[in-house]
Amino acid sequence: MTARCNPLAAGDVRRVPLSTSSGGTERELLFHWWHGVATPNGWGPDSIRIAIVKTR
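Definitions and limits used
Residues numbered from 1 in each chain as written. Predicted model: local features only at pLDDT ≥ 70, side-chain atom pairs only at ≥ 80, totals over all residues. Heavy atoms only, no water. Salt bridge = Lys/Arg side-chain N within 4 Å of Asp/Glu carboxyl O. Helix = DSSP H or I, 4+ residues; strand = E, 2+ residues; numbered from the N terminus. Buried < 20%, exposed > 50% of the residue type's maximum accessible area, 1.4 Å probe, protein only. Patch = residues over 30% accessible without salt bridge, like charges linked within 9 Å, V, L, I, M, F, W, Y side chains within 5 Å. Areas by Shrake-Rupley, 256 points an atom, 1.4 Å probe, with all protein chains shown as cover.

Draft legend 1. The pattern of salt bridges, seen in detail. One pass over the full model with this rule turns up two salt bridges. Residues K54 and E28 are paired through a salt bridge, measuring 3.0 Å at the closest nitrogen-oxygen approach. Remark: E28 occurs in strand β1 (residues 28-33) and K54 occurs in strand β4 (residues 49-54); sequence separation between them is 26 residues. Relative accessible area serves as the criterion here: at 36%, E28 is assigned to the partly exposed category.

Draft legend 2. The arrangement of a nonpolar patch on the surface in detail. A cluster of nonpolar side chains, contributed by L30, W34, I48, I50 and I52, occupies part of the molecular surface with about 550 Å² of accessible area. Take W34: its relative accessible area is 48%, and that puts it in the partly exposed class.

Below you can see the structure in the form of structure tokens.
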């Protein structure tokens with residue numbers, strides 16, 4: 001399942017209860033994030049980061 005959320009401003013935090021994000025049944029969740037950087041062709045991501053969070 002892939003979920004998307006609205007971007008966050010620098011320094012902001014978003015908390016989502018596990019029961020609303022995956023139905024509360026997943027053993028782990030993957031979070032992907034990146035920072036927008038200026039490139040010669042416009043904005044793009046810098047290195048993409050991934051965090052695996054165990055829920056049990």
